[in-house]
Amino acid sequence: MEHIDWSEIGQATLDTLAMLGGSLVLTIVLGLPLGVILFLTGRGQMLENRLANGALSLLVNVLRSVPFVILLIVMIPLTVALVGTSLGVAGAIPPLVVGAAPFFARLVETALREVDKGVIEASFAMGAKRRQVVLDALLPEALPGLVAAGTVTAVALVSYTAMAGVVGAGGLGDLAIRFGYQRFQTDVMVVTVVLMLVLVQALQMIGDAVVRKVSHK
């Protein structure tokens, strides 16, 4: 462990958590409505619209198919326009959100499809309007699946933050690349990988606990 600078490791960990937290919040804010719209405009749903659904599906599929490393580079001009830099934590968040939001939206759509149609029909039968059906019946019934989708997305974002180190985003991934890979400092590589594994495990455990809690309500 001769090459380990624990203060630098600590700062890199904080940077990774900042990237994860900021991008996860924005991913949910953007991805949840997108997933709901994808579901509602789908075949046989209350807002069925083949044109709108097809256009949104195409957009989601295109963004999901672009490798994240390529997305990081392609988005540099847009990132600079949005946050003033393409480096550091701030520079990593826009591509992280663009990469993760379509992924989360598809998971949201899948979770909503698993809701029993009888719940929707019963809500309409009781005189509920579309907005009430979505907010008071559809989303609450799909909550365990939505939490699980958020957990999967958070874990994916951890790997994305590591790849963001390629373009100088900071965090544990950047540390692993600059010291562990480029300078052949294996001890730094091992520590960063272990910390990321711990982070992923913690996220999964928290997500599983929340799913169990909301499933029992």
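Look above for the structure.
Below is a summary of the structure that appears in this document.

### Observations concerning the overall build of the protein
What the protein contains, in helices and strands, is ten helices and zero strands. Ordering the α and β elements of the protein from the N terminus gives α-α-α-α-α-α-α-α-α-α. C-alpha extents for the protein along the principal axes are approximately 70 × 40 × 25 Å. In the protein, which comprises 217 residues, the share counted as buried stands at 41%. Across the protein, the fraction of contacts at a sequence separation of at least 24, relative to all contacts at a separation of at least 6, is 74%. Accessible surface, the protein: about 11,700 Å² in total, of which carbon and sulfur atoms supply 66%.

### What about helix α2 (residues 50-65)?
With 16 residues, α2 extends 22 Å between its outermost C-alpha atoms, agreeing within 8% with the 22 Å of an ideal straight helix rising 1.5 Å per residue. The set of residues buried in α2 consists of Asn53, Ser57 and Val60. For α2, the angular spread of the buried residues around the axis is 65°, confining them to a single face. Exposed residues lying more than 90 degrees from the buried face of α2 are Leu51 and Leu58.

### Comments concerning the pattern of salt bridges
Enumeration over the complete set of coordinates arrives at two salt bridges. With its nearest N and O atoms 2.7 Å apart, the salt bridge here joins Glu109 to Arg106. Here Glu109 and its partner Arg106 are both found in helix α5 (residues 88-113), three residues apart, which amounts to about one turn of the helix. Just as Glu109 is buried, Arg106 falls in that class too. For the salt bridge of Glu109 with Arg113, the shortest nitrogen-to-oxygen distance reads 2.8 Å. Taken together, the residues Glu109 and Arg113, both in helix α5 and four residues apart, mark about one turn of the helix.

### Observations regarding the packing of aromatic side chains
For the structure shown, the criterion picks out one aromatic pair. For the ring pair Phe68 and Tyr160, a centre distance of 4.5 Å and an interplane angle of 10° mean the geometry is stacked. Of this pair, Phe68 sits in helix α3 (residues 68-74) while Tyr160 is found in helix α8 (residues 143-164), placing the two residues 92 residues apart along the sequence. Across this residue pair, the class does not change: Phe68 and Tyr160 are buried.

### Let's talk about the packing of α5 against α8
One can describe the packing of α5 onto α8 by two numbers: an axis separation of 9 Å at closest approach and a directional angle of 155°. Comparing their axes, α8 and α5 come out roughly antiparallel. Viewed along their axes, α5 and α8 form a crossing whose handedness is right-handed. Contacts between α5 and α8 involve Ala92, Leu96, Gly99, Ala100, Phe103, Phe104, Leu107, Val108 and Ala111 from the former and Gly145, Leu146, Ala149, Gly150, Val152, Thr153, Ala156, Leu157, Tyr160, Thr161 and Ala164 from the latter. In terms of residue class, the contact of α5 with α8 is built from 15 nonpolar, five polar and no charged.

### Remarks on α5
The terminal C-alpha atoms of α5, which comprises 26 residues, lie 38 Å apart, in line with the 38 Å expected from a rise of 1.5 Å per residue. The largest bend along α5 reaches roughly 25° and is located at Ala100, with the proline Pro102 sitting one to four residues downstream.

### A few points about the side chain of Thr161
Mapped onto the elements of the fold, Thr161 is located in helix α8. Thr161 sits in the buried class, given a relative accessible area of 1%. Once you skip the residues sitting within four places of it in the chain, Thr161 turns out to touch Thr16, Met19, Leu20, Leu96 and Met196.

Calculation criteria
- Residues numbered from 1 in each chain as written.
- Predicted model: local features only at pLDDT ≥ 70, side-chain atom pairs only at ≥ 80, totals over all residues.
- Heavy atoms only, no water.
- Helix = DSSP H or I, 4+ residues; strand = E, 2+ residues; numbered from the N terminus.
- Buried < 20%, exposed > 50% of the residue type's maximum accessible area, 1.4 Å probe, protein only.
- Contact = heavy atoms within 4.5 Å.
- Areas by Shrake-Rupley, 256 points an atom, 1.4 Å probe, with all protein chains shown as cover.
- Expected span 1.5 Å × (residues − 1).
- Arc of directions from axis to C-beta.
- Salt bridge = Lys/Arg side-chain N within 4 Å of Asp/Glu carboxyl O.
- Phe/Tyr/Trp six-rings, centres within 6.5 Å; stacked < 30°, edge-to-face > 60°.
- Axes fitted to C-alpha atoms, helices over the stretch in contact; angles between N-to-C directions.
- Parallel < 35°, antiparallel > 145°, perpendicular 65-115°, else oblique.
- Left-handed = near helix turned anticlockwise from the far one by under 90°.
- Nonpolar A, V, L, I, M, F, W, Y, C, P; charged D, E, K, R; others polar.
- Bend = angle between axes of the 7 residues up to and from the residue.

Note that all results are geometric; they support no functional claim without further evidence.
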